[in-house]
Amino acid sequence: QVQLVESGGGLVQAGGSLRLSCAASGFTFSSYGMRWYRQASGKEREYVAGITSTGGNTNYADSVKGRFTISRDNAKNTVYLQMNSLKLEDTAVYYCNAVRWPNYWGQGTQVTVSS
């Protein structure tokens with residue numbers, strides 16, 4: 001069974017940094033692309049970043065391009081999201097997702113950016 005466990009969220013001041021982690025299990029992690037999404041209070045979930053199975057290609061939403069970096073460690077079955085220069089509008093619950101199983105979600109990790 002696909003399981004995704006996000007961690008690393010917290011409260012940070014604007015301009016600060018956080019590194020999120022997502023530990024995956026229940027499938028052959030190294031074979032599939034992964035994505036990060038986020039959902040702010042009262043808004044729909046939105047795509048943040050994606051990475052291919054080998055990590056050779058990445059993609060970002062325009063709103064985070066140049067500030068966020070997605071990466072993965074296939075030996076640890078973990079995908080990361082390094083978030084720099086955080087803005088108030090980055091406040092949201094962040095989720096990871098496996099491209100192959102789009103209906104499986106973890107519990108998410110809360111990121112709160114304060115002024």
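Since we're looking at a predicted model, the values are computed, not measured. (Residues numbered from 1 in each chain as written. Predicted model: local features only at pLDDT ≥ 70, side-chain atom pairs only at ≥ 80, totals over all residues. Heavy atoms only, no water.)

Participant: Go over the pairing of strand S9 (residues 92–98), please, and point to the residues and values.
Facilitator: S9 sits mainly inside the fold: seven of its seven residues count as buried. In terms of strand pairing, strand S4 (residues 34–39) meets S9 through six bridges, oriented antiparallel. Bridge pairing in S9 links Trp36 to Cys96. Summarising the sheet, S9 and strand S10 (residues 109–114) pair through three bridges and their orientation is antiparallel. Bridge pairing in S10 places Tyr94 opposite Thr109. (Buried < 20%, exposed > 50% of the residue type's maximum accessible area, 1.4 Å probe, protein only. Helix = DSSP H or I, 4+ residues; strand = E, 2+ residues; numbered from the N terminus. Pairing = 2+ DSSP bridges.)

Participant: Before we move on, can you summarise the sheet that holds S9 with the specific residues and values?
Facilitator: Across the sheet, six strands lie side by side as S2-S10-S9-S4-S5-S6; this open sheet has mixed pairing. Of all strands in the sheet, those bounded by a partner on one side alone are strand S2 (10–13) and strand S6 (58–60). If you compare each strand with its neighbour and ignore which way they point, the axes differ by 25° on average. Pairing of S4 with strand S5 (residues 46–51), which is carried by five bridges, proceeds in the antiparallel orientation. For Trp36, the partnering residue across the bridge sits in S5 and is Ala49. (Axes fitted to C-alpha atoms, helices over the stretch in contact; angles between N-to-C directions.)

Participant: Residues and numbers for the packing of aromatic side chains, please.
Facilitator: All told, the structure shown has seven aromatic pairs when counted by the stated rule. Relative to Phe29, the ring of Phe27 has its centre 6.3 Å away and its plane inclined at 50°; by these criteria the two rings are tilted. For the residue pair Phe27 and Phe29, the accessibility class agrees, reading buried in each case. With 6.2 Å between their ring centres and 55° between their planes, Phe27 and Tyr32 make a pair best called tilted. The structure contains a cluster of three or more aromatic residues connected by ring pairs, namely Phe27, Phe29, Tyr32 and Trp101. Residue placement shows Arg45 over the ring face of Trp105; its charged tip is 4.2 Å from the ring centre. For Arg100, the ring lying beneath its charged end belongs to Trp101, and the centroid distance is 5.2 Å. (Phe/Tyr/Trp six-rings, centres within 6.5 Å; stacked < 30°, edge-to-face > 60°. Lys NZ or Arg CZ within 6 Å of the ring centre and 35° of its normal.)

Participant: Please set out the state of the cysteines residue by residue, giving values where relevant.
Facilitator: For the coordinates displayed, the defined rule picks out one disulfide. Here Cys22 pairs with Cys96 through a disulfide, and the sulfurs are 1.8 Å apart. Around the S-S axis, the bridge from Cys22 to Cys96 shows a dihedral of about 40° and counts as right-handed. Of this pair, Cys22 sits in strand S3 (residues 18–25) while Cys96 sits in strand S9; the two residues are 74 residues apart in sequence, bridging distant segments of the chain. Take Cys22 and Cys96: they sit in the same class, and that class is buried. (Disulfide = S-S within 2.5 Å.)

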